[in-house]
Amino acid sequence: MSRLVVASIGPASSVQDGGRHGAQRYGLTVSGAMDRLSLAAANTLVGNEPFAAAVEIGPFGASFTARDGAVRVAISGAPRNADIAGRPVAIDTSVTLKDGETLTLGFARGGAFSYLAIEGAIKGELVFGSLAVNARAGLGSPYPRPLQAGDEFNVDAASGAPELRIELPKPVSGPIRVLLGPQDDEFDDANKALFLDSEWKISATSDRMGYRLEGPAIKHLHGHNIVSDGTVIGSIQVPGDGAPIALMMDRGTTGGYPKIATVITADVGRLAQTSVGTAFRFREVTMAEAQDEARKFARLIKDLPDRLRSSDTVELNIEALSDANVAGYAVSAVDAGTWQVTAEP
Amino acid sequence: MAATLPPPRLLPSGDSAVTVEFSRTIDDAANERVLALDKALAANPIDGITETVPTYRSLLVHYDPGTIGFEALGDKILPIASQPLPPATKARRWRIPVAYGGEHGIDLEDVAKALNTTPDDIIACHSGGDYRVAMIGFTPGWSYLSGLDKSLQMSRRQSPRLLTPAGTISIGGIQAGIQCLAAPSGWHLLGRTPVRTYQLHRNPTFLTEPGDRVTFFAIDHKTFGELDRAAEAGEIVAEQVTA
């Protein structure tokens, strides 16, 4: 058994997995990773099930130290600098920390959440089949709250398996896709158009429960009180002040404000990764398109192991290349956020 | 009873859930239909349904679009939802203690003012009501009640408070509620109960079920403290009334 110790960590970081399903009827929140694709990619890199428990790291920096043996980890999600004792580590690759080594992650540069998966996954007591932290309910394991420096995980010793990288498809860009409803009839055509045609920004008061959207005020047709009914991840409620709230993983299972639209499953992670203050738009799609995208998204996650490659093919000694002045345009590729592997190994 | 309701509507809630709506208002007959449909789907599961959430007036059905599409699922649900179904629940009765006003019910005075009456009258009216647990949702154990007296019905706050305390007893619109955990809320806070409608390592974890009946009784703030300690230790401090 090795240990992975949280040497430093910012707020809004916690243990998350695929979420807690089956007790929404009692108000038990689903929780789980804000960006499921990135969670799955990180887990796949170290041989875990796609939705195994990992560390979800918020926009701020973090560092982790291996103790009592080597620990194999992988990071996916928001672009950020990563290094081990000054040696750069690319995102979307696995890496083994030797006993005593520290992996240091910088602030997210674009995006919001990164996932640190640990070979063998984080272990703890399952509640309704999940370790996902829901801090409000005091649920989740091993720490039912945001992580703090000094927390540690008992983890499997590194297997010594070859290091891997994962080639993810180029991220979808463009508007966040939504289906109108279930209460779009609580808004007139002009206000539905206002919602779909306006530019939105995510407010700084947003969290894992909901993203508050800054933009024009959306007016209701019959006032803002409806009889509370069920919500889903991606429901966009419009409260009395007209500022929409997109419900995220720690959402309440029910709510009493009209829901003008619902973010499609395939785009929830994209919305989650939209950083505070970044302008974006919504686009309406049909049920057929939304369900097709949901199926494609599920297939993408299922087939992630097919996207694993040996990491040797991208191991570059950046400093040596720079010193020799042969890196040319490639220097920009050290920016993990723009790193694109263009050739097959 | 069921015959007076219009046919249910299917409202898409994104690509992986559908709301089966029986009514637009709080209506115990509609709620009975919701609970009956919920029970019918549990007894004869439709492939692809992953989870159901009964609410006041609709059943939210979560499903996997990889297994069944929106149209096909609707075609299977609507006939079940449209037929008369036997009642699903056998009611239990709970008496729930509440410390009204002061630090425990910070909106009590404002609600009294807004409704042009006194805090004592609000307490008498709220604790004099006979409520039904119509649904549980939002956060673990949050029990939404029907049966709020008309004189206490008022609009929710324009903007929700970011945090309200565990055990909050509140009203919002035509609804009343028992909140178990600290959470955001746009409702008006009348008091607090020491009762935990959800407690992880207690048996049962969840105290109330949709269909249960609830009445409230006032306790002083000292009694609240005593009961709160007992509840923290795992006691069910709500009184169950045998029918």
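Residues numbered from 1 in each chain as written. Chains lettered and ligands numbered in written order. Predicted model: local features only at pLDDT ≥ 70, side-chain atom pairs only at ≥ 80, totals over all residues. Heavy atoms only, no water.

A. The arrangement of the environment of Arg299 of chain A in detail. Residue and element names in this part refer to chain A. For Arg299, the position within the fold is in helix 4 (residues 287-302). Overall, Arg299 belongs to the partly exposed group, its relative accessible area being 46%. For the pair formed by Arg299 and Ala157, sequence separation is 142 residues and the distance between their alpha carbons is 31 Å. (Helix = DSSP H or I, 4+ residues; strand = E, 2+ residues; numbered from the N terminus. Buried < 20%, exposed > 50% of the residue type's maximum accessible area, 1.4 Å probe, protein only.)

B. Structural view of the interface of chain A and chain B. Tallying the contact residues gives 49 residues for chain A and 55 residues for chain B. Between chain A and chain B lies a buried interface of about 4100 Å² when both sides are counted; carbon and sulfur atoms form 53% of it. Taken as a group, Arg25, Tyr26 and Val227 of chain A account for 18% of the area that chain A buries against chain B, more than any other trio of residues on that side. Inspection of the chain A/chain B interface yields four salt bridges. (Contact = heavy atoms within 4.5 Å. Buried area = accessible area lost by both parts, 1.4 Å probe. Salt bridge = Lys/Arg side-chain N within 4 Å of Asp/Glu carboxyl O.)

C. Broad picture of the packing of helix 1 (residues 36-45) of chain A against helix 4 of chain A. Residues and elements named next belong to chain A. Where helix 1 contacts helix 4, the two axes come as close as 10 Å, and the packing angle between them is 15°. Put simply, helix 1 runs roughly parallel to helix 4. Note on packing geometry: the crossing formed by helix 1 with helix 4 is right-handed. Along the contact surface, helix 1 presents Arg36, Leu37 and Ala40, while helix 4 presents Phe297, Leu300 and Ile301. Classifying every residue of the contact of helix 1 with helix 4 gives five nonpolar, no polar and one charged. (Axes fitted to C-alpha atoms, helices over the stretch in contact; angles between N-to-C directions. Parallel < 35°, antiparallel > 145°, perpendicular 65-115°, else oblique. Left-handed = near helix turned anticlockwise from the far one by under 90°. Nonpolar A, V, L, I, M, F, W, Y, C, P; charged D, E, K, R; others polar.)

D. How the structure looks around the nonpolar core. Counting residues in hydrophobic clusters, the biggest one holds 69 residues, and the most contacted among them are Phe195, Tyr211, Leu271 and Phe282 of chain A together with Leu37 and Ile77 of chain B. When near neighbours in sequence (up to four residues on either side) are disregarded, Phe282 of chain A contacts Pro175, Ile176, Val178, Phe195, Leu196, Trp200, Leu213, Ile236 and Val263 of chain A. Counting residues in hydrophobic clusters, the runner-up holds 39 residues, among them Leu28 of chain A together with Ile123, Met154 and Leu190 of chain B. (Core = buried A, V, L, I, M, F, W, Y, C linked by side-chain atoms within 4.5 Å.)

E. Structural detail: the confidence of the model for chain A. Model confidence for chain A is summarised by a mean pLDDT of 90, while 90% of its residues fall at 70 or above. Confidence drops under a pLDDT of 50 for residues 317-345 of chain A, and excluding neighbours within four residues, the segment shows 27 contacts in the predicted structure. (pLDDT = per-residue confidence, 0-100.)

F. Representation of the confidence of the model for chain B. In the predicted model, chain B carries a mean pLDDT of 92, and the fraction of residues at 70 or more is 97%. Scoring of the predicted complex yields 0.86 for pTM and 0.89 for ipTM.

G. Structural view of the side chain of Asp38 of chain B. Here Asp38 of chain B is to be found in helix 1 (residues 28-43). With residues up to four places along the chain from it excluded, the contact list for Asp38 of chain B reads Arg25 of chain A together with Thr52, Pro54 and Leu59 of chain B.

H. Structural context of the sheet that holds strand 6 (residues 82-84) of chain A. Spatial ordering of the open sheet is given by 7-6-9-4-1-11 (chain A), a layout of six strands whose pairing is antiparallel. At either margin of the open sheet sits one strand with a lone partner, and together these are strand 7 (87-88) and strand 11 (152-155) of chain A. (Pairing = 2+ DSSP bridges.)

I. A look at helix 1 of chain B. All names here are of chain B. In this model helix 1 runs 22 Å from its N-terminal to its C-terminal C-alpha over 16 residues, within 8% of the 22 Å that 1.5 Å per residue would give. Taken across its 16 residues, helix 1 has 12 buried, putting it largely inside the fold. Every buried residue of helix 1 is listed here: Ala29, Ala30, Asn31, Glu32, Arg33, Val34, Leu35, Ala36, Leu37, Asp38, Ala40 and Leu41. In this structure, the buried side of helix 1 is in contact with strand 2 (17-21), strand 3 (49-54), strand 4 (58-63), helix 2 (70-82) and strand 6 (131-136). Its side-chain oxygen at 2.7 Å from the backbone nitrogen of Ala29, Asp27 defines the N-terminal cap of helix 1. (Expected span 1.5 Å × (residues − 1). Polar contact = N/O pair within 3.5 Å; in protein donor to acceptor, adjacent residues only side chain to side chain.)

J. Up close: the packing of aromatic side chains. By the definition in use, this model includes 13 aromatic pairs over all chains. An aromatic cluster of at least three residues, connected via ring pairs, comprises Tyr26 and Phe128 of chain A together with Tyr198 and Phe206 of chain B. When the ring centre of Phe51 of chain A is taken as origin, the NZ or CZ atom of Arg36 of chain A, which lies over that ring, is 4.2 Å away. The aromatic ring of Phe217 of chain B is capped on one face by Arg95 of chain B, whose charged end is 4.2 Å from the ring centroid. (Phe/Tyr/Trp six-rings, centres within 6.5 Å; stacked < 30°, edge-to-face > 60°. Lys NZ or Arg CZ within 6 Å of the ring centre and 35° of its normal.)

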